[in-house]
Amino acid sequence: MSHRLYRALLPLGFAALLALVLAPIQALANPDFLVDADWLTDAMDDENTVVLEVRYHPHRFFTVGHIPGAVQVQRFKDLGDNDASPIMRFPSRETFQETLRGWGVNDDSTLVIYDDSSTALAARVYFLLDLYGFDMDRVKILNGGTIEWTGFNELDKEPTPPKAAGTVTLKDADPRLFIEWPAVYDDVVSRRDPEVILLDARPNDMYTGEVIRHSIMGGHIPGAVNVVSLDGVDGQTGKWRSDESLAALYAAIPKDKRIYVYCHDGFRMGLAYLQLKHLGYEDVRLYNGGWSHWGNELTLPVVEGSEPYGGDFAL
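Below you will find a few notes about this structure. Nothing here was measured: the structure is a model prediction, and the numbers come from that model. (Residues numbered from 1 in each chain as written. Predicted model: local features only at pLDDT ≥ 70, side-chain atom pairs only at ≥ 80, totals over all residues. Heavy atoms only, no water.)

**Quick notes on the packing of helix α6 (residues 120-131) against helix α11 (residues 268-279)**
Right, so step 1: Across the interface, α6 lies against α11 with an axial gap of 7 Å and an inter-helix angle of 70°. With respect to each other, α6 and α11 are oriented roughly perpendicular. Considering only the axes of α6 and α11, their crossing is left-handed. Here α6 contributes A120, A123, R124, Y126, F127 and D130 to the contact with α11, which in turn contributes M269, G270, L271, Y273 and L274.
Right, so step 2: In terms of residue class, the contact of α6 with α11 is made up of 8 nonpolar, 1 polar and 2 charged. (Axes fitted to C-alpha atoms, helices over the stretch in contact; angles between N-to-C directions. Helix = DSSP H or I, 4+ residues; strand = E, 2+ residues; numbered from the N terminus. Parallel < 35°, antiparallel > 145°, perpendicular 65-115°, else oblique. Left-handed = near helix turned anticlockwise from the far one by under 90°. Contact = heavy atoms within 4.5 Å. Nonpolar A, V, L, I, M, F, W, Y, C, P; charged D, E, K, R; others polar.)

**Focus: the environment of D256**
Right, so step 1: Note that D256 resides in the loop between α10 (243-249) and β9 (258-262).
Right, so step 2: Its relative accessible area of 60% is what places D256 among the exposed residues.
Right, so step 3: Taking the C-alpha atoms as reference points, D256 and R101, 155 residues apart in sequence, are found 38 Å from one another. (Buried < 20%, exposed > 50% of the residue type's maximum accessible area, 1.4 Å probe, protein only.)

**What to know about the layout of surface pockets**
Right, so step 1: Here the second largest pocket is characterised by a volume of approximately 350 Å³.
Right, so step 2: As for the second largest pocket, its lining consists of 16 residues, of which Y56, R75, H214, D265 and R268 are closest to the centre.
Right, so step 3: Here the residues of the lining of the second largest pocket sort into 7 nonpolar, 5 polar and 4 charged. (1 Å grid on protein atoms, 1.4 Å probe; cavity = no way out; pocket = protein on both sides within 12 Å on 5 of 7 lines; lining within 4 Å. Points joined across faces, edges and corners; volume = space filled by probe spheres on them.)

**So, the nonpolar core**
Right, so step 1: The biggest cluster of nonpolar side chains holds 58 residues, and the ones touching the most others in it are L79, I113, L129 and V261.
Right, so step 2: Sort the elements by how many residues they give to this core and α6 lands first, with 10 residues.
Right, so step 3: If we ignore the near neighbours within four places in the chain, the residues touching I113 are L52, V54, A122, V125, Y126, L129, V139, K140, I141 and L142.
Right, so step 4: I179, A224, Y260 and L300 belong to the second largest nonpolar core, which has 15 residues in total. (Core = buried A, V, L, I, M, F, W, Y, C linked by side-chain atoms within 4.5 Å.)

Right under this line is the structure:
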């Protein structure tokens, strides 16, 4: 038991404490890249550690506060292609490399990423690092994000002093980790390749078209199946659910297939990428642009409703 949990339970008395310790509980998922606040507290003493905060509303870095020493990541400007349409296509290697250097990142830095959005925003940073060949053994995510940290620690509202420019060098994008829309159209919509599974990680009401948000068209790409990646995280604690829960969430997705994943703007699909890779799926590729691209291209087909191939595509 961690000292944080012990301190929280101590006022309950010995008998209650013993009962809770012995009671059966569902273990949380424990990927190597997930760390807790205790781990981060120790790691912050290392000068090679760079802590990155990416909030849903970035101004809260200042108004609510951030982990002391954390660097602000602005989720749209820093994690997309600002000159593309849609803007959340992946940034180029050169652009993302300069962004990382501005955060003080070197090749031997240990990066700890956290957010206030159930790991979905942190997952985007993690994926981009993986895409461009950073040493992923050096990348961690704070499980529970701001909720985990503020259990026993304070946030800082003072701006973090600028770090010395880093010297990190990235590699070309790994073509095994992403796909563009023509591959989705060819493999899934047209040929219905049985070796490919298209996964829509958005909320179900956006998948069915009941809710249309940030796009012209509603519904999903023909052939897509819906697995809501945020269902793999506890909404109250922001922590990952157990491995058993994650496996059940993706039970309908065969591990021996090639998986294409999309969401709207690149965050929920990043979370799905992390979850699937943790569960042992070997070939997972993210659609560069996602629904913010497909759902705004009026010539591309969509399906409304709960069936992957509905309407004209059911024939």
